[in-house]
Every structure is written in structure tokens, then in C-alpha cells.
Amino acid sequence: MKAFLQYALVLLTMIAAAWFVIPRRYDIAYPRDIKPQFDKYIRRVYAKDIDERRPDIVLLGDSMLYPAVDAAVLSQKLNESVMAIGLPGSASTLWYLIVKNNIVETNHPPKTLVIFFRDTMMTVPGYRVTGRYFEQIDEFATPRDEELVKKAYINQMNPLEKWAEAWFPPYGSRWSVRQGIDSRLRYILPDSLLDCDKACMDNAMEAVFGSQNMDLSFLSDALAAADDYLYSRAALDFDAQVGESFLPDLIQITKERGIQLVLVRMRILRFTAPGSEPPGLRAYNEKFARYLAANGVIYLDYSDEARLTRDDFSDSLHFGPSGKAIFTPILAEDLLSAGR
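Residues numbered from 1 in each chain as written. Predicted model: local features only at pLDDT ≥ 70, side-chain atom pairs only at ≥ 80, totals over all residues. Heavy atoms only, no water.

A.B. asks: Quick question: what am I supposed to make of the packing of aromatic side chains here?
C.D. replies: Here the distance between the centres and the angle between the planes together describe a pair of aromatic rings. Inspection of the entire model under this criterion finds 18 aromatic pairs. Their ring planes at 90° and their centres at 6.2 Å tell us that phenylalanine 238 and phenylalanine 288 sit as a pair that is edge-to-face. Taken together, the positions of phenylalanine 238 in helix α13 (residues 238–242) and phenylalanine 288 in helix α15 (residues 281–294) put the pair 50 residues apart, joining distant regions of the chain. Residue classification places phenylalanine 238 among the buried residues on the basis of a relative accessible area of 5%. With a centroid separation of 5.9 Å and 15° between ring planes, the pair formed by tyrosine 284 and phenylalanine 288 is classed as stacked. (Phe/Tyr/Trp six-rings, centres within 6.5 Å; stacked < 30°, edge-to-face > 60°. Helix = DSSP H or I, 4+ residues; strand = E, 2+ residues; numbered from the N terminus. Buried < 20%, exposed > 50% of the residue type's maximum accessible area, 1.4 Å probe, protein only.)

See below:
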């Protein structure tokens, strides 16, 4: 009992100290605004590219896009110019921002926008919006993006989280604390012990941990584990999710600019074994398809495409060269048949 009381006293003392030190160290006033703070800068690189290239079709997706679609071949088969935007780690929230603050804001918007996704990605606004993903979101968001703040952040928090964000500095300032610790470990110690400054350390980290040394199978497994959220009971409840997602917003803003929206559900190898598909995924997809049809969106579902076998993948998510060679003509044919 005495040991527990001593532990509790030490813990309370540390919390009290953190409550006092953290707000002053990081110049954050408490209670703090729980809304994420976006800067005023908007990255408009894609708007500039679209106005310069004037593509008829824009393809948008995450790291699955470039290994799956040969834009040059697709352009040739459709007899239309094609521009691809594939952002590793991106999801529906970032795609919504790119469409809203770049694609529809151009002087020469494309005739067709094709978004590539997997399973429930289009109706989970809280997916890939925090941590390192927040930096991507901030690049394309503005402080006036209230719909973004509400759907991607505020609606994802329970009352306890909201209280902790507003009133509890060790939680509310956790990313600032983490970045401070990371910076000291990454730069200060190597500089003092090895005479390796920031530029030297960044080069060393890239040489050791860069993409050229990455085990793609391990990366694929990590992505698959992170994707568990897409198959949770909440994510598979289409009726509850769709109204709070960015899907209705994407449909509205593309319609207003006369852009035909096409959604492409990609094939992956996660649920190829019999009986491995999560309960509710099929029902979710049926409701998803009906919703898109009712709103004038073309839906192409390749999740069960038999012509794409395991040999056509480089890992469980990404196509290999043969997969791209097979999938691109299939996509072109289906886009032509859909009359977009």
C-alpha cells in the first residue's frame, strides 16, 4: 500500500508539473481550442498543372494508382488526355480537399474525375487525418474549411477526448511534445557526440531508412494492419457513415462544375480466402452502389475481377507490371462503355 501511495504521489506531481510546464514551453493557452489549426497557405500545385496541361480526365488516388494504371496507354485508348495524381498515404479526406481547393477551382476543369479507392475508404472521414497525415491535410486545407474540421476531427472525438484536448496539456499538446523529443533524439545528440548536424543527420536517416531500403512486403503488411479500421462495425455501417463523410460534398462540388465523377473500387488480396471477407462488407457495397447510381456517379467495381490473379500483384495492395498491363485496358473499355 505504501509503495502504491508513493507511486501515486510521484505520478500526480509529474502531471501537475506537466500541466504547468507544457503550456509555457510550447506557448499554448489552456483551455485550448480543440479544433485543428490550419495555416492560410493552400497548396495549388495540381490546379496549376491542370490549367497548364488541360487534361480531359484526372485520376486521383493513393499509392495504388500508379502501379495500377498506365496513364499514357489509357489516354491512347480513350483518345483523351489523362493526368494522374497518386499520393501515398492519402484517403478520402485529402482527396476531397484536393478536389475542392484545386481541381474545381481551375480555369479549365477536367470533364471527368476518376477516384480509385478500396472498400469503405470513401465514407470514413477520420481515416488518415492525424499524426503525419495532418501535414498533408494542412497543405490543402484553409482555416475556413469548417466542414473538414467538423467531419474529420470534431465528430470523431468522444466527450472525454474533447475534454482532454481542451483541458489536459499532456494530451492536448502530445504532438508538440513528441516532436520536441524526436528532434532532440534525432539532432542534438548526434550533433554533440558525432559532429553530425541537421543536414548530415537527415541524409543519414534517408540513406538508412529511405524507400530504397524498404521491405515492400513488410510495408504492405503494415498498411493492411492499419486498414483494419476500414472494416470495423462502425465503418461498415453505410447508412450511419455516408451523411457524415465527404462523399456527398464530392458529388455536389463536381456536379456544380460539370465534372463527371467516377469511383473505382480496386481489387486487393486481403480477402481472397473463402470466408475471409468481413461480415457486412457486401451489404455495405450494395448500399454504396445504389447511392452512387441515385446521384449520377459512375461506379466501377473491380474487387472480384477474376482476370487479376495473385501473380499480377507485387504485394497484397499494389499491382505488379502484369497487373497494370491487364487492368489499364479493362478500365479504358469500361470507361468507354459507361459513356463518361
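There is more to say after this.
A.B. asks: Got a minute to help me understand helix α16 (residues 321–338) in this structure?
C.D. replies: Helical geometry note: an α-helix holds 3.6 residues per turn, so side chains three or four residues apart project in the same direction. Its 18 residues give α16 an end-to-end C-alpha distance of 26 Å, which sits within 8% of 26 Å, the value for a rise of 1.5 Å per residue. Along α16, the residues classified as buried are Gly323, Phe327, Thr328, Ile330, Leu331, Ala332 and Leu335. Where α16 is buried, its residues meet α3 (65–68), α4 (71–78), β3 (112–117), β4 (260–265) and β5 (298–301). (Expected span 1.5 Å × (residues − 1). Contact = heavy atoms within 4.5 Å.)

A.B. asks: Looking at this model, I keep getting lost on the side chain of threonine 123. Mind explaining?
C.D. replies: Inspection of the secondary structure assignment puts threonine 123 in the loop between β3 and α6 (133–140). Here the side chain of threonine 123 touches tyrosine 284 through a polar contact of 2.5 Å, side chain to side chain. With sequence-adjacent residues up to four places away left out, threonine 123 is seen in contact with Ala235, Phe238, Gln241, Val242, Ser245, Leu247 and Tyr284. (Polar contact = N/O pair within 3.5 Å; in protein donor to acceptor, adjacent residues only side chain to side chain.)

A.B. asks: Please explain the layout of surface pockets as it appears in this structure.
C.D. replies: Think of a ball as big as a water molecule: rolled over the atoms, this probe shows where empty space is left. Volume-wise, the largest pocket comes out at about 1200 Å³. Thr130, Gly131, Phe134, Arg174 and Trp175 are the residues nearest the centre of the largest pocket, which is lined by 32 residues in total. Contributing elements (two or more residues each) for the lining of the largest pocket: α6, α7 (146–153), α8 (159–167), α9 (169–172) and α10 (174–194). In terms of residue count, the dominant contributor to the lining of the largest pocket is α10 (eight residues). (1 Å grid on protein atoms, 1.4 Å probe; cavity = no way out; pocket = protein on both sides within 12 Å on 5 of 7 lines; lining within 4 Å. Points joined across faces, edges and corners; volume = space filled by probe spheres on them.)

A.B. asks: For this particular structure, what's the right way to read unusual backbone geometry?
C.D. replies: In terms of backbone geometry, most residues other than glycine have negative phi values and most peptide bonds are trans. In the segment running from tyrosine 30 into proline 31, the intervening peptide bond is cis, with an omega of 0°. Summarising the element assignment, proline 31 is placed in the loop between α1 (2–25) and α2 (45–53). Phi is positive for arginine 54, close to 50°, though the residue is something other than glycine. Locating arginine 54 in the fold gives a position in the loop between α2 and β1 (57–61). Phi at arginine 128 is positive, roughly 60°, even though this residue is not glycine.

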